[in-house]
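Working through the structure, step by step
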Amino acid sequence: QVQLVESGGGLVQPGGSLRLSCAVSGRIFSINAMGWYRQAPGKERELVAAITSTGSTNYKDSVKGRFTISRDDAKNTVYLQMNSLKPEDTAVYYCNAEIRRMRGLPYRDYWGQGTQVTVSS
């Protein structure tokens, strides 16, 4: 079993902050890139932020300067610090990781169950 479990979502006022966490568990050989995606009702799922195994990052333009992605390899966990939140950030946020289960197997994508983030006054 490989599981990705998100936490930290909830209701916050505009201008507020939330910190999302995603912990990977199970028997794994290595983790390559990790990232956060989001999907609002009636919209397609979109990449919010991603981080490579060496720490290189990229962000959706609309969250640059407000969101920060980081990872703790000792805990197999990726984080998304979200500051200055706007109503447009409201969505279900999904964790993603490229994981190789064993030596000799290719990397493949694994997804978390999603966590709701609602920004409203």
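Small disclaimer: the values here were computed from a predicted structure and weren't measured. (Residues numbered from 1 in each chain as written. Predicted model: local features only at pLDDT ≥ 70, side-chain atom pairs only at ≥ 80, totals over all residues. Heavy atoms only, no water.)

1. With respect to the nonpolar core
A general feature of soluble globular proteins is that nonpolar side chains tend to end up buried together. One finds L4, W36, L80, M82 and Y93 to be the most contacted residues of the largest nonpolar core, which totals 28 residues. For this core, the secondary structure elements donating two or more residues are β1 (2-7), β3 (18-26), β4 (30-39), β5 (46-51), β7 (67-72), β8 (77-82), β9 (91-100) and β11 (115-119). Beyond its immediate chain neighbours, meaning those up to four positions away, Y93 contacts E6, L20, W36, Y37, R38, V48, F67, L80, M82, G114, T115 and V117. (Core = buried A, V, L, I, M, F, W, Y, C linked by side-chain atoms within 4.5 Å. Buried < 20%, exposed > 50% of the residue type's maximum accessible area, 1.4 Å probe, protein only. Helix = DSSP H or I, 4+ residues; strand = E, 2+ residues; numbered from the N terminus. Contact = heavy atoms within 4.5 Å.)

2. Points about the side chain of E6
Tracing the sequence through the fold places E6 in strand β1. For E6, which is buried and forms no salt bridge, the nearest opposite charge comes from R45, at a distance of 8.0 Å. A distance of 3.0 Å separates a polar atom in the side chain of E6 from the backbone nitrogen of Q113. Residue contacts for E6: discarding those within four places in its chain leaves S21, C22, W36, Y93, Y94, C95, G112, Q113, G114 and T115. (Lys, Arg positive; Asp, Glu negative; His and termini not counted. Salt bridge = Lys/Arg side-chain N within 4 Å of Asp/Glu carboxyl O. Polar contact = N/O pair within 3.5 Å; in protein donor to acceptor, adjacent residues only side chain to side chain.)

3. Examining the packing of aromatic side chains
Under the criterion given, the structure shown has 1 aromatic pair. Stacked on the ring of Y79, the Lys or Arg R19 has its end atom at 4.4 Å from the ring centre. A cation over a ring is seen here: R45 above W111, with NZ or CZ 4.9 Å from the ring centre. (Phe/Tyr/Trp six-rings, centres within 6.5 Å; stacked < 30°, edge-to-face > 60°. Lys NZ or Arg CZ within 6 Å of the ring centre and 35° of its normal.)

4. Quick notes on the environment of G104
Structurally, G104 can be placed in the loop between β9 and β10 (108-111). In this structure, the C-alpha to C-alpha distance between G104 and N58, residues 46 residues apart in sequence, is 29 Å.

5. Here's the deal with the sheet that holds β7
Read across the sheet, 4 strands follow the order β1-β3-β8-β7 without closing on themselves; strand pairing throughout is antiparallel. Both edges of this open sheet fall to β1 and β7, since each of them pairs with a single strand only. Ignoring strand direction, the axes of neighbouring strands in this sheet form an average angle of 15°. Bridging between β1 and β3 involves 6 bridges; their strand directions are antiparallel. Its bridge partner lying in β3, Q3 is registered against S25. (Pairing = 2+ DSSP bridges. Axes fitted to C-alpha atoms, helices over the stretch in contact; angles between N-to-C directions.)

6. Quick notes on the state of the cysteines
Tallying each qualifying case throughout the model produces 1 disulfide. Across the disulfide from C22 sits C95; the S-S distance is 2.1 Å. Judged by the sign of its S-S torsion, about -85°, the bond between C22 and C95 is left-handed. Placement of C22 in strand β3 and of C95 in strand β9 is noted, with a sequence separation of 73 residues between them. For the residue pair C22 and C95, the accessibility class agrees, reading buried in each case. (Disulfide = S-S within 2.5 Å.)

7. Regarding the pairing of β3
Where β3 meets β8, 6 bridges bridge the pair, whose relative direction is antiparallel. Bridging from a neighbouring strand, L18 pairs with M82 of β8.

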